[in-house]
Amino acid sequence: MRYLCSLYYKNKHIMKSLAEQVKVSAAKAFQSLFPEANVQENDILVNETKPEFKGDYTIVLFPFVKSLRQNPVALGNALGAWLVDNNELFTAHETVSGFLNLSVSDAYWSTFLSDYTLDTDTKDTSLSDKKVMVEYSSPNTNKPLHLGHLRNNFLGNAVAGIVAAAGAEVTKTCVVNDRGVHICKSMIAWQLFANGATPQSEGIKGDHFVGDYYVQFNDEYKRQIKELVAGGMEEKQAEQEAPIMKATQQMLVDWEAGKPEVMSLWNTMNSWVYEGFDTTYKAIGSTFDKIYYESNTYLLGKDLVEEGLAKGVFYQKEDGSVWIDLTTDGLDEKLVRRKDGTSVYITQDIGLAVEKQKEYGIEESIYVVGDEQNYHFKVLKLICQKLGLPAADGIYHLSYGMVELPTGKMKSREGTVVDADDLVAEMVRLAQEQTEAAGKTEGFSTEELAALYEMIGLGALKFYLLRVEPKKKMIFNPEESIDLHGFTATFIQYAHARICSVLRKTGYQATTVALDTHDIFPEEKALLVQLEQYPAILQQAAAELNPAALCNYSFKLAQAFNSFYDKCSIANAESAAKKQLRSEIASLTAKTLKHGLGLLGIGVPEKM
RNA sequence: GGAUCGGUAGCUCAGCUGGAUAGAGCAUCAGCCUUCUAAGCUGAGGGUCAUUGGUUCGAAUCCAAUCCGAUUCACCA
């Protein structure tokens, strides 16, 4: 075996990606052949060679043609010859128009398979031990979670996993909106209509139970407005005068005053909701290291208003309200304290940002929140920066687009909101239905089948919601989401199960013996090329906070495996050496798929 | 009106730090199960990359304008 390790970082275990190695080598070639041009690594563009050409990696020559006054073919030939002569990584070169196609030595892959480790090579040194907080989910305690929350939860959990895998120290948090007018609405409706009913007495999940009263509030509110308008009142006035609304506002005042009956009802109803949420979170795999409640945090940031005034960052209007002028930053004037001295939403967010920083010493704070709050977070960060808060620069709003249905937006008024619990249950049911229809239930116990259906159903749902880039809005097509073919988690899970099945049958054992990678098959190499790119993809996903990149990669890897599987038999390989090589490749593929989907919160079965 | 984001195949989406003939999946059509799991593989058809102009050796990608869609600009949260 030829020695290739000089190409790796000597002092770190982390291996340099093949594409990076090509860049480094090419830069050396340039330095040697054209020292006066001073070409740096980052000036060189390296792509995977298109399948219709011979080679593995391609250097684009056009950028250098002019400055070096060389014609592209001559330049390519010179560089290619130098690389093949001076670097054992390359075995052949060919220049086609302005592209230098380089063939990588078969022996490289043997080194790769023996040196590569999934856990350490995926680490990104720029993130190592960085303290990162991911805030996500953040529900209101007046209604159950819906499809939009699922995208948020899956995103938050996946991003936390990806960033942690890349080396960061991650704290997952959730800010529960457990107070305010909307909470009082459910409470009032319960007082009026429930006759003491509880989730237990009605046999309804707690969050749904409370959500039903929130709906009832709105029905009654509308009815009362109609009645008042019929009696000759203006609509605007009716909205304010409706008795149920007045009662709600009074309740909010009582809550803030800490009136015992109100606090007691509030505690009871919230506990019902939390019980329901716990079930949902458990089902979808959302976990949190720290939960903040707005009832505890809503007064935070008040002292910062005084500080801001003293610093001259804020100013006071004649009526006593406090503002910040952001017009020079292209934004508007923003209120930070009402004239009655109470604080507004953004004020507590400023306070909470400081609180998080104090408590956890975080350097990056990622907020997974829908894109309708883009403006809010822009303002939040700007204010924190102007106040000179240590938490300011680390604020990052991971903004994601709304989930829409093929019929348009989800509207609670029209009853088109897709409930999270219902959807999860439906996906699992469909997984069962399709597994049974395919006749793939043999050899499983009842418990194993239940676990499998959950893995498939939930996996399909998570993948479907994660495969689209976060910032883009997405269409949730129920028919498409239950499809278990093509660009889905099921496809990837299936590839994993196939690998496990083959390796079980062949009695695969990991080997430390050097693998023979001479005369490597195209399907074998294609798979190795994909596998080699995993650390780079993971680091990219972490840098972009983009789980979709991992979805795309995992699918491509599974696709490459399926082609390999079709063409290259493991059990009946041409030779013992081929069998061992293919087993190693297949094993690493399974590990990589499991690792990648695991970060997305998706499990992979060993048989299905 | 200002700001921000999006517009790529019939549908859902990749590709966007400029690079070879723009890619997947679904759907449609045609093949492949006496051999490791056919939830799979192989192939075909399908495109004015919203429009127009600019930058350059080269633009889906960068810039400008326009059109369409969404969000936002509360003493709400």
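Residues numbered from 1 in each chain as written. Chains lettered and ligands numbered in written order. Predicted model: local features only at pLDDT ≥ 70, side-chain atom pairs only at ≥ 80, totals over all residues. Heavy atoms only, no water.

1. Notes on the overall build of chain A
- Within chain A one finds 23 helices and 14 strands.
- Principal-axis analysis of the C-alpha atoms places the extent of chain A at approximately 90 × 65 × 40 Å.
- For chain A, with 608 residues in total, the buried portion stands at 52%.
- Of the contacts made within chain A by residues no fewer than 6 positions apart, 74% connect residues no fewer than 24 positions apart.
- Accessible area for chain A stands at about 28400 Å²; split by element, carbon and sulfur atoms hold 50% of it.
- Counting 61 positive and 80 negative side-chain charges, chain A places the averaged centre of each group 3 Å from the other. (Helix = DSSP H or I, 4+ residues; strand = E, 2+ residues; numbered from the N terminus. Buried < 20%, exposed > 50% of the residue type's maximum accessible area, 1.4 Å probe, protein only. Contact = heavy atoms within 4.5 Å. Areas by Shrake-Rupley, 256 points an atom, 1.4 Å probe, with all protein chains shown as cover. Lys, Arg positive; Asp, Glu negative; His and termini not counted. Charge placed at Lys NZ, Arg CZ, Asp CG, Glu CD.)

2. Details of the protein's contact with RNA strand B
- Taken together, 65 residues sit near RNA strand B, with Asp319, Lys409, Lys440, Lys505 and Tyr565 positioned nearest.
- Within 4 Å of the protein, the atoms of RNA strand B are drawn from sugar and phosphate moieties in a proportion of 64%.
- Gly486 places a polar main-chain atom, nitrogen or oxygen, 3.4 Å from a phosphate oxygen of RNA strand B.
- Between RNA strand B and Ile570, the relevant distance is 3.1 Å, taken from a base nitrogen to a main-chain nitrogen or oxygen of the residue.
- At the level of secondary structure, the elements contributing two or more residues to the surface near RNA strand B comprise β2 (57-60), α2 (62-68), β4 (99-104), α16 (374-386), β14 (474-475), α20 (489-506) and α22 (547-567). (Near = heavy atom within 4 Å. Polar contact = N/O pair within 3.5 Å; in protein donor to acceptor, adjacent residues only side chain to side chain.)

3. Quick notes on the packing of aromatic side chains
- For the structure on display, the rule yields 25 aromatic pairs.
- Plain terms: the ring middles of Phe30 and Phe34 are 6.4 Å apart, the flat faces sit at 45° to each other, and that makes the pair tilted.
- A relative accessible area of 0% places Phe30 in the buried class.
- When the centroid spacing of 5.4 Å and the interplanar angle of 35° are considered together, the rings of Tyr534 and Tyr553 count as tilted. Of this pair, Tyr534 sits in helix α21 (residues 522-544) while Tyr553 sits in helix α22; the two residues are 19 residues apart in sequence, bridging distant segments of the chain. Neither residue differs from the other here; Tyr534 and Tyr553 are each classed as buried.
- Members of the aromatic cluster, connected to one another through ring pairs, are Tyr108, Trp109, Phe112 and Tyr116. (Phe/Tyr/Trp six-rings, centres within 6.5 Å; stacked < 30°, edge-to-face > 60°.)

4. So, the pairing of strand β3 (residues 90-96)
- Across 6 bridges, the pairing between β3 and β4 is antiparallel. Across the sheet, the residue bridging to Ala92 is Ser103, located in β4.
- The hairpin formed by β3 and β4 contains 2 residues between the paired strands, and Ser97 there has a positive phi angle of roughly 45°. (Pairing = 2+ DSSP bridges.)

5. Quick word on the sheet that holds strand β9 (residues 322-325)
- Spatially, the 3 strands line up as an open sheet ordered β8-β9-β10, and their pairing is antiparallel. Looking along the sheet, the strands with just one partner apiece sit at the ends: β8 (315-316) and β10 (333-337).
- The pairing of β9 with β10 spans 4 bridges and is classified as antiparallel. By the bridge assignment for β10, Ile324 is matched with Lys334.
- Its contacts with the sheet place helix α14 (residues 302-311) against β8, β9 and β10, and it is angled at close to 125° to β10. (Axes fitted to C-alpha atoms, helices over the stretch in contact; angles between N-to-C directions.)

6. A closer look at the pairing of β9
- Sheet topology note: the β8/β9 ladder contains 2 bridges and is antiparallel. Bridging across to β9, Gln316 finds its partner in Val322.

7. Observations regarding the environment of Leu597
- Examined against the element boundaries, Leu597 turns out to sit in helix α23 (residues 576-599).
- Residue Leu597 is classed as buried on the basis of its relative accessible area of 0%.
- Each C-alpha atom, one on Leu597 and one on Tyr565, is 20 Å from the other, the two residues being 32 residues apart in sequence.

8. Quick notes on α16
- In a regular helix each residue adds 1.5 Å, so 13 residues correspond to 18 Å; α16 covers 18 Å between its end C-alpha atoms and thus fits that length.
- Within α16, the full set of buried residues consists of His376, Phe377, Val379, Leu380, Leu382, Ile383 and Cys384.
- Tucked inside the fold, the buried residues of α16 contact β9, β10, α15 (345-360), β11 (364-370) and β12 (395-400).
- At the exit of α16 stands Gly388, carrying a positive phi of roughly 70°. (Expected span 1.5 Å × (residues − 1).)

9. Structural notes on the sheet that holds β2
- As summarised here, the arrangement of the 4 strands in space is β1-β2-β4-β3, forming an open sheet in which the pairing is antiparallel. Here the strands that pair on one side only, and so sit at the sheet edges, are β1 (46-48) and β3. Neighbour to neighbour, the strand axes of the sheet diverge by 30° on average, direction disregarded.
- Bridge count between β1 and β2: 3 bridges; the pairing is antiparallel.

10. Quick notes on the pattern of salt bridges
- Taken as a whole and assessed by the stated rule, the structure comprises 21 salt bridges.
- Here Arg179 and Glu256 are joined by a salt bridge, their closest N and O atoms 3.1 Å apart. Residue Arg179 is located in the loop between β6 (169-176) and α7 (181-193), and its partner Glu256 is located in helix α11 (residues 243-257); the two are separated by 77 residues in the primary sequence.
- Under the relative-accessibility criterion, Arg179 is labelled buried at 14%.
- Its salt-bridge partner being Lys317, residue Glu333 comes within 3.8 Å of it at the nearest N-O pair. (Salt bridge = Lys/Arg side-chain N within 4 Å of Asp/Glu carboxyl O.)

11. Brief notes about the nonpolar core
- Counting residues in hydrophobic clusters, the biggest one holds 152 residues, and the most contacted among them are Ile59 and Leu147.
- Per element, the largest residue contribution to this core is 11 residues, and it comes from helix α18 (residues 446-466).
- In this structure Ile59 touches Val22, Ala26, Ile44, Leu45, Val46, Leu83, Gly98, Phe99, Leu100 and Leu102, once residues within four positions along its chain are discounted.
- Of all hydrophobic cores here, the second largest spans 27 residues; its members include Leu331, Val344, Ile350 and Ala353. (Core = buried A, V, L, I, M, F, W, Y, C linked by side-chain atoms within 4.5 Å.)

12. A closer look at the confidence of the model for chain A
- Of the residues in chain A, 98% reach a pLDDT of 70 or more, and the chain-wide mean stands at 92.
- Predicted confidence is poor over residues 1-13, with pLDDT under 50, and the contacts of this stretch with residues over four places away or in other chains come to 30 contacts.
- In the predicted assembly, ipTM is 0.97 and pTM is 0.95. (pLDDT = per-residue confidence, 0-100.)

13. A short note on the packing of helix α9 (residues 206-230) against helix α12 (residues 260-284)
- Packing of α9 against α12 leaves a shortest axis separation of 6 Å and a crossing angle of 130°. Taken together, α9 and α12 sit at an angle that is classed as oblique. Contact with α9, carried on its side by Gly206, Asp207, Phe209 and Val210, involves Met269, Trp272, Val273, Gly276, Phe277 and Thr280 of α12 and no other residues of that element.
- Tallied by class, the residues present in the contact of α9 with α12 amount to 6 nonpolar, 3 polar and 1 charged. (Parallel < 35°, antiparallel > 145°, perpendicular 65-115°, else oblique. Nonpolar A, V, L, I, M, F, W, Y, C, P; charged D, E, K, R; others polar.)

14. Digging into the packing of α14 against α15
- Running from N to C, α14 and α15 cross one another at 95°; their axes reach a closest spacing of 8 Å. It follows from the interaxial angle that α14 and α15 lie roughly perpendicular. Contacts between α14 and α15 involve Lys302, Leu304 and Val305 from the former and Thr347, Ile350, Gly351 and Val354 from the latter.
- Per-class residue counts for the contact of α14 with α15 are 4 nonpolar, 2 polar and 1 charged.

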